[in-house]
Amino acid sequence: MTLPPTTLNPKRTVSELKELRALTSDVNGAQRVAWTDTWLAARNWLASKLEGLPVEHHYDAAGNNWFTLPGASEKSLLIGGHLDSVPNGGWLDGSLNVIAGLEVLRRFATEFNGKPPVTIRLVDWADEEGARFGRSLLGSSAFAGTHSIAADRGRTDRDGIKMEDALRRCDVEMDNLPNAAIEQNHAAAYLELHIEQGPVLEGRNLPLGVVLGTKGVERHNITFHGQEAHSGSTPMNARRDALAAAAKLALELRTIAKKHPDAVCTMGSLKTFPGIATAVVGRSEATLDQRDLDPGVLAQMFREAQEASQRFAGEENCTVDWSRIWSIEPVPFHPELLDLCEQAVREVSGKSVRLPSGPLHDAAEVARAGIPAVMMFVQSLKGISHNKIEDTREDHLEMSVVALNLLASKTCDWIIRTK
Ligand SMILES: [Zn+2]
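Please read all numbers here as calculations on a predicted model, not as lab measurements. (Residues numbered from 1 in each chain as written. Predicted model: local features only at pLDDT ≥ 70, side-chain atom pairs only at ≥ 80, totals over all residues. Heavy atoms only, no water.)

Describing the environment of Ala-279
Let me state the cut-off plainly: Secondary structure counts use DSSP, requiring at least four H or I residues in a row for a helix and at least two E residues in a row for a strand, with both numbered from the N terminus. The contact definition used throughout considers only heavy atoms, calling two residues in contact when any of these lie within 4.5 Å.
By secondary structure assignment, the location of Ala-279 is in strand β13 (residues 279–280). Excluding its chain neighbours within four sequence positions, the residues that come into contact with Ala-279 are Ala-229, Ser-231 and Pro-274.

Right, dumping it as structure tokens:
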């Protein structure tokens, strides 16, 4: 790996990640849950790292944390991540993006004597994880204008604290969230580096990958209705077993997903009622989560799951009904930025692969706002994330900083060339 001729210091990124971990973790992992004191401490720590750089610092109306290095052009290259974590989280999810972005910002500031050709902005999004109130991508969706205040106003955490009050404590008023959209002004491109959080890159022995986009999601409750009956007196052929129908569907989902290379279908929860050893199950409640990057594939899988549920309900003399929990369309990233990202990944690691992201990321919200966006993944060890054992090889972390820096330079040129 050859370093480009800059002041970039990827080893500093690794040591700063460890510094942040020491400041905001306990024996169970990272505790940077959004709207808590530990999260605020992490944000203050980040601000202290930018002291001495010619950057403007402010929090927007949604609590997103912006550092702006003004360039010769107002057109802005955005680099983003999130310092917030899930409870007992890992040291890299979200924070690698921010701290690698910080290193790239430093490089731009020194290489161009404080005045790069385009404006460079580092953003630490507020509440990406939604860990406390169950609302993910809060800050980036406010930025994108896709957030609905009405849907979130009534949310409370486990202790009964209202979301509205928790935000107010951090100087964010829910009614003002839409004002974060003003930060879209002059945004010309958005880059996000992230750990993969899955096993694909490790399985293919690749340090880095290009993210095609974030998969769309169909998430539903499926309820089968049969008849509760005594387990001793009810003959097998007289049963209306709501679990049998759900069990058939659970297995059929694998067939439905396997027709497509990157699709996934999961029955993550199944409850039975009355749920005792001596009764045939009269009602079963299952959840379904389906994901793919192709809207056609997602629609087909949804249709096939519905048809299968009807068929199995019929076979077991049950009925079935569906209710949508949540859904989002697939968000493909910008084709020209995908090419630039692939070039950067190849130049740093010699090879590249394009893969979709199963998890959602802030980059999806930015792309939904119509801003050209792309993400780069760095390999996760064992594919584990949202856990204290989340990890990535340090040489891979360093490569990811070099690759993000290269991508930032290429994107900077692209902004000047195309706008
Ligand atoms: Zn993340």
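Structure's up, so let's keep going.
Digging into the coordination of the zinc ion
Test applied: Note on donors: an N, O or S atom is included if it sits within 2.8 Å of the metal, or within 3.2 Å for Na, K and Ca, and water is never included, so sites can look incomplete. Note on classification: 1.4 Å probe, protein chains only; a residue is buried when its accessible area is under 20% of the maximum for its type, exposed when over 50%, partly exposed between these limits.
Ligation of the zinc ion by protein atoms is provided by His-82 (NE2), Asp-93 (OD) and His-194 (NE2), these donors lying 2.0 to 2.2 Å from the ion. Between consecutive donor residues of the zinc ion, the sequence gaps follow H-x10-D-x100-H. In this pair, Asp-93 sits in the loop between β5 (73–81) and α3 (95–111) while His-194 sits in strand β7 (residues 187–195), placing the two residues 101 residues apart along the sequence. On the basis of relative accessible area, Asp-93 is assigned to the buried category, the value being 4%. For His-194, a relative accessible area of 0% corresponds to the buried category.

Some words on the side chain of Thr-411
Worth spelling out the cut-off: In the analysis that follows, any N or O atom pair within 3.5 Å is treated as a polar contact, provided that within protein one partner can donate a hydrogen and the other can accept it, and provided that, for residues neighboring in sequence, both atoms belong to side chains.
Turning to its location among the elements, Thr-411 is positioned in helix α12 (residues 394–418). Within the local environment of Thr-411, its side chain forms a polar contact with the backbone oxygen of Leu-407, the two atoms lying 2.6 Å apart.

Section: the nonpolar core
Put simply, the rule is: Here, the term nonpolar core denotes a set of buried Ala, Val, Leu, Ile, Met, Phe, Trp, Tyr and Cys residues that are joined through side-chain atoms within 4.5 Å.
Tyr-190 and Phe-333 are the most contacted members of the largest nonpolar core, which totals 80 residues. The element best represented in this core is α12, accounting for 12 residues. The contacts of Phe-333, once residues within four sequence positions are left out, are Val-211, Leu-212, Gly-213, Thr-214, Leu-338, Ala-363, Ala-364, Ala-367, Ala-373, Val-374 and Met-375. Core analysis: the second largest hydrophobic core is formed by 24 residues, Ile-222, Phe-224, Ala-246 and Leu-253 among them.

Topic: the pattern of salt bridges
Test applied: Whenever a carboxyl oxygen of Asp or Glu lies within 4 Å of a side-chain nitrogen of Lys or Arg, that contact is scored as a salt bridge.
With the rule as written, the count across this model stands at 34 salt bridges. Note that Lys-259 is salt-bridged to Glu-304, the shortest N-O span being 3.0 Å. Taken together, the residues Lys-259 in the loop between α8 (242–258) and β11 (264–266) and Glu-304 in helix α9 (residues 295–315) connect sequence positions 45 residues apart. Under the relative-accessibility criterion, Lys-259 is labelled partly exposed at 48%.

Observations concerning the layout of surface pockets
As a reminder of what qualifies: In this analysis the probe radius is 1.4 Å and the grid spacing 1 Å, with only protein atoms considered; a cavity is a set of points the probe fits into but cannot get out of, a pocket is an open set with protein on both sides within 12 Å along at least five of seven lines, and lining residues have an atom within 4 Å of a point. Grid points are joined across faces, edges and corners, and a volume is the space filled by probe spheres set on the points. Residues were grouped as follows: Ala, Val, Leu, Ile, Met, Phe, Trp, Tyr, Cys and Pro as nonpolar; Asp, Glu, Lys and Arg as charged; and all remaining residues, including Gly, as polar.
Counted as a void, the largest pocket has a volume near 850 Å³. In this structure, the largest pocket is lined by 31 residues; those nearest its centre are Ser-136, Leu-137, Arg-219, Trp-326 and Leu-360. Contributions of two or more residues to the lining of the largest pocket are made by α5 (149–152), β14 (283–292), β15 (319–328) and α11 (362–368). Class assignment of the residues belonging to the lining of the largest pocket gives a composition of seven nonpolar, 12 polar and 12 charged.

Observations regarding the pairing of strand β4 (residues 65–69)
Put simply, the rule reads: Strand pairing is defined by DSSP finding a minimum of two bridges between the two strands.
Among the five residues that make up β4, five are buried, leaving the element largely enclosed by the rest of the structure. Here β4 shows a buried face lined by Asn-65, Phe-67 and Leu-69 and a second buried face lined by Trp-66 and Thr-68. With four bridges connecting them, strand β3 (residues 56–59) and β4 associate as antiparallel partners. The residue of β4 that forms the bridge with Tyr-59 is Asn-65. What sits between β3 and β4 in their antiparallel hairpin is a turn of five residues, with Gly-63 showing a positive phi close to 85°.

Concerning α9
The condition is simple: An expected span of 1.5 Å times one less than the residue number is assigned to each helix. The directions from the helix axis to the C-beta atoms are what the arc is built from.
The end-to-end C-alpha distance of α9 is 30 Å, a good match for the 30 Å that 21 residues give at a rise of 1.5 Å each. Buried within α9 are the following residues: Val-297, Leu-298, Met-301, Phe-302, Glu-304, Ala-305, Ala-308, Ser-309, Phe-312 and Ala-313. Viewed along the axis of α9, the buried residues span an arc of 170°, placing them on a single side of the element. In this structure, α9 carries Pro-295 and Gly-314 as exposed residues pointing more than 90 degrees from its buried face.

Considerations on the environment of Gly-350
The residue Gly-350 is located in the loop between α10 (335–349) and β17 (354–357) in this model. C-alpha of Gly-350 to C-alpha of Pro-207: the two residues are 143 residues apart in sequence and 9.8 Å apart in space.

A short note on the packing of helix α2 (residues 37–49) against α3
Cut-off, in case you're wondering: Note on geometry: axes are C-alpha line fits, over the in-contact stretch for helices, and angles between N-to-C directions span 0 to 180 degrees. Oblique is the label for every angle not falling under 35 degrees (roughly parallel), over 145 degrees (roughly antiparallel), or within 65 to 115 degrees (roughly perpendicular). Less than a right angle of anticlockwise turn of the near helix away from the far helix marks a crossing as left-handed, whereas a clockwise turn marks it as right-handed.
At a closest axis distance of 11 Å, the pairing of α2 and α3 adopts a crossing angle of 15°. It follows that α2 is roughly parallel to α3 by the angle criterion. At the point where α2 passes α3, the crossing takes the right-handed sense. Contact residues: α2 offers Trp-45, Leu-46 and Lys-49, while α3 offers Val-98, Ile-99, Leu-102 and Arg-106. Taken together, the residues of the contact of α2 with α3 sort by class into five nonpolar, no polar and two charged.

Focus on the confidence of the model for the protein chain
As a reminder, the rule being used: The pLDDT score gives, residue by residue, the confidence of the prediction method on a 0 to 100 scale.
The share of residues in the protein chain with pLDDT of 70 or more is 98%, and the mean pLDDT across the chain is 96. Counted against residues more than four places away or in other chains, residues 1–5, with its pLDDT under 50, gives six contacts.

A few points about the packing of aromatic side chains
Formally: The rule is short: rings of Phe, Tyr and Trp, with Trp giving its six-membered ring, pair when the centres are within 6.5 Å, and they are stacked under 30 degrees, edge-to-face over 60, tilted in between.
Summed over the entire model, instances satisfying the criterion amount to seven aromatic pairs. Between Trp-66 and Phe-143, the ring centres sit 5.9 Å apart and the planes meet at 35°, which makes this aromatic pair tilted. Highlighted residues: Trp-66 in strand β4 and Phe-143 in helix α4 (residues 138–144), separated in sequence by 77 residues. Summarising the burial analysis for this pair, Trp-66 and Phe-143 share the class buried. Aromatic side chains Trp-125 and Phe-143 sit 5.1 Å apart centroid to centroid with 65° between the ring planes, which places their arrangement in the edge-to-face category. Note that Trp-125 is positioned in the loop between β6 (118–124) and α4 and Phe-143 in helix α4, a separation of 18 residues in sequence. Exposure remark for Trp-125: the relative accessible area of 0% places this residue in the buried category.

Observations concerning unusual backbone geometry
Put simply, Phe-273 and Pro-274 share a cis peptide bond, and its omega is 5°. Of note, Pro-274 is situated in the loop between β12 (270–273) and β13. With a phi close to 55°, Leu-137 is a non-glycine residue in the positive phi region. Along the chain, Leu-137 falls in the loop between β6 and α4. Classification of Leu-137 as buried rests on a relative accessible area of 4%. Unlike most non-glycine residues, Gln-197 shows phi in positive territory, near 65°. Structurally, the position occupied by Gln-197 is in the loop between β7 and α7 (200–203). What makes Gln-197 buried here is its relative accessible area of 16%.

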